[in-house]
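# Summary of structural features
Chain by chain, the residues run as shown.
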Amino acid sequence: MTAPDEAAALDIVEWLVGDECQHGTSLVLVEQLGEKLRHAGALVDRLNLHLRTLHPEILAHTVSWAPGAVATEVLLDHNNHHAPVFLGSPLRQVMTHRSWVRDRLDAPENAGSGFYQSFAADGLVEMVFAPLENADGTVSAASFGTRRPSGFTEAEMMLLARIQKPLRTVLELKTLRQIGETLLETYIGPGTGKRILAGHIRRGDMQLVDAALMFCDLRGFTQLSNRVANTRIIQLLNVYFDQIVPAINAEGGEVLKFMGDGILAFFHHEAGPNLACAAALRAAQAGLARLALVKEPDAELQAGMALHHGIVGYGNVGSGRRLDFTVIGIDVNLTSRIETVCSLTGKPILMSGRFAAHLDHPSTVSIGLHSLKGFDEPVELFSWEG
């Protein structure tokens, strides 16, 4: 194997800053970088990218590669980043002090290291850790391992130092794109997020969508919020949301709004309203079933589900640079009014006649005509008795 030189380093740097590297995932990048390093003459037997991110559940992720193996990814959630193994690791030192670390795994001080245990089991002899400092001050890291008994050569160390900053830059760009997509999906939903990234960001930019609508409301929320502390209300709301939202997501629905304890969601299906309404009903049933299993010592969590089908305006409203994606229209208003009848009648699921007509089950039962605020004519509503 030829020792790496400046020409080999330049080839990798040009690849890192070129168009090819801008596409694909971190898994693809780590595989290609590992192969290029070995082709350049560096005996890299393990390459890890330890990448910080901004995510409601994930603190960081580690992408790993070894010759002849498929790259893998391990996620680190917010609850585990203070584990003793991490706190005492060279990775922590690199991220805190923004300095390189070079360690022999067979050194006496590393013999009992829990962090190095898996690396040593793979036959690695030396590890090198490089900080990857982003423009906002957050620090990720890259680590390189070799099985060569004498460790990395000085020529290899010069190669790793040469590619450090270009590697940092391409990973920062990938991470920023991923963070943008994650934050949009987290706060406004995946479908709406895709519309925004596709350029639908002007006020008044709106489309008509044929959809099944769901409005879910927690019963007795006002009394509950008057009775318990604010911190406890947040905890209970999150318990409630944790039952309803996954049920909506599992059926292909999208949550558009959290309005206090209210959840507005819609279901659209390209094959037509029958499938959309069936999905919305299954989501309502599953969400209520999950909620019924929750036992809290200071609160009984129950909800009402209103279901309707119609045409909604889906798009941007607001002023200047403060816009919001929402759904509007008479069918949205009707859905929210149907939910108020859930509270009055004690029925967990109520639906409009239009929604019920799209179901192929005989389990819908009319509960008669009901006057709804803002609507001139009484509306016939149906309960689900399946």
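Above this text is the structure in question.
Residues numbered from 1 in each chain as written. Predicted model: local features only at pLDDT ≥ 70, side-chain atom pairs only at ≥ 80, totals over all residues. Heavy atoms only, no water.

### Details of the packing of helix α9 (residues 230-250) against helix α10 (residues 273-292)
Closest axis-to-axis distance for the α9/α10 pair is 8 Å, and the angle between their directions is 155 degrees. As far as their axial angle goes, α10 and α9 are roughly antiparallel. For the pair α9 and α10, the sense of crossing is right-handed. Within the contact between the two elements, α9 uses Tyr-240, Asp-242, Gln-243, Ile-244, Pro-246, Ala-247 and Ile-248 and α10 uses Ala-283, Ala-286, Gly-287, Leu-288, Arg-290 and Leu-291. Of the residues assigned to the contact of α9 with α10, the class counts are nine nonpolar, two polar and two charged. (Axes fitted to C-alpha atoms, helices over the stretch in contact; angles between N-to-C directions. Helix = DSSP H or I, 4+ residues; strand = E, 2+ residues; numbered from the N terminus. Parallel < 35°, antiparallel > 145°, perpendicular 65-115°, else oblique. Left-handed = near helix turned anticlockwise from the far one by under 90°. Contact = heavy atoms within 4.5 Å. Nonpolar A, V, L, I, M, F, W, Y, C, P; charged D, E, K, R; others polar.)

### As for the environment of Gly-18
Relative to the helices and strands, Gly-18 resides in the loop between α1 (6-17) and α2 (26-39). Assessed through its relative accessible area of 21%, Gly-18 is described here as partly exposed. Separated by 152 residues in the primary sequence, Gly-18 and Val-170 place their C-alpha atoms 9.3 Å from one another. (Buried < 20%, exposed > 50% of the residue type's maximum accessible area, 1.4 Å probe, protein only.)

### Some remarks on unusual backbone geometry
Positive phi, normally seen in glycine, also occurs at Arg-98, with a value near 55 degrees. By secondary structure assignment, the location of Arg-98 is in the loop between α4 (90-97) and β4 (101-104). Classification of Arg-98 as partly exposed rests on a relative accessible area of 38%.

### Some words on the packing of aromatic side chains
The geometry of two aromatic rings is summed up by the distance between their centres and the angle between their planes. Here the structure, examined in full by the defined rule, presents seven aromatic pairs. Seen from their ring centres, Phe-115 and Phe-119 are 5.7 Å apart, and the 50 degrees between their planes marks the pair as tilted. A relative accessible area of 15% places Phe-115 in the buried class. Between Phe-115 and Phe-129, the aromatic rings sit 6.1 Å apart at their centres with planes inclined by 45 degrees, giving tilted as the arrangement. On the criterion of sequence distance, the pair formed by Phe-115 in the loop between β4 and α5 (117-121) and Phe-129 in strand β5 (residues 126-133) is long-range, its members being 14 residues apart. Chaining the aromatic ring pairs together yields one cluster made of Phe-115, Tyr-116, Phe-119 and Phe-129. (Phe/Tyr/Trp six-rings, centres within 6.5 Å; stacked < 30°, edge-to-face > 60°.)

### A closer look at a nonpolar patch on the surface
Nonpolar side chains collect at one region of the surface, where Met-206, Val-317 and Ile-328 lie side by side and expose about 210 Å² of accessible area between them. With respect to the helices and strands, Ile-328 occurs in strand β11 (residues 322-328). (Patch = residues over 30% accessible without salt bridge, like charges linked within 9 Å, V, L, I, M, F, W, Y side chains within 5 Å. Areas by Shrake-Rupley, 256 points an atom, 1.4 Å probe, with all protein chains shown as cover. Salt bridge = Lys/Arg side-chain N within 4 Å of Asp/Glu carboxyl O.)

### Details of the side chain of Glu-156
Inspection of the secondary structure assignment puts Glu-156 in helix α6 (residues 154-188). In this structure the side chain of Glu-156 is engaged in a polar contact, spanning 2.9 Å, whose partner is the backbone nitrogen of Leu-43. If we skip the residues at most four places from it in the chain, Glu-156 touches Pro-4, Gly-41, Ala-42, Leu-43, Arg-148 and Gly-151. (Polar contact = N/O pair within 3.5 Å; in protein donor to acceptor, adjacent residues only side chain to side chain.)

### Thoughts on the nonpolar core
Formed by 41 residues in total, the largest nonpolar core has its most connected members in Met-214, Tyr-240, Phe-267, Leu-307, Ile-349, Met-351 and Phe-355. In terms of residue count, α10 provides more of this core than any other element does, nine residues in total. Among the nonpolar cores identified, the runner-up in size contains 33 residues, and Leu-49, Ala-71, Ala-130 and Ile-163 belong to it. (Core = buried A, V, L, I, M, F, W, Y, C linked by side-chain atoms within 4.5 Å.)

### Things to note about the pattern of salt bridges
Under the counting rule described, the total for this entry stands at 13 salt bridges. Asp-106 is the salt-bridge partner of Arg-104, the closest N and O atoms lying 3.0 Å from each other. We classify Arg-104 as partly exposed; its relative accessible area is 26%. For Asp-106, a relative accessible area of 53% puts it in the exposed group. Through salt bridges with shared partners, a single network forms among Arg-38, Asp-45 and Arg-147.

### Observations regarding α1
Taking 1.5 Å per residue as the helical rise, α1 with its twelve residues ought to reach 16 Å, and the 16 Å between its terminal C-alpha atoms agrees with that figure. Among all positions in α1, only Ala-8, Ala-9, Ile-12, Val-13, Trp-15 and Leu-16 are buried. All buried residues of α1 project into a common sector of 160 degrees when viewed along the axis, lining one side. Along α1, the residues that are exposed and aim more than 90 degrees away from the buried face are Asp-11 and Val-17. (Expected span 1.5 Å × (residues − 1). Arc of directions from axis to C-beta.)

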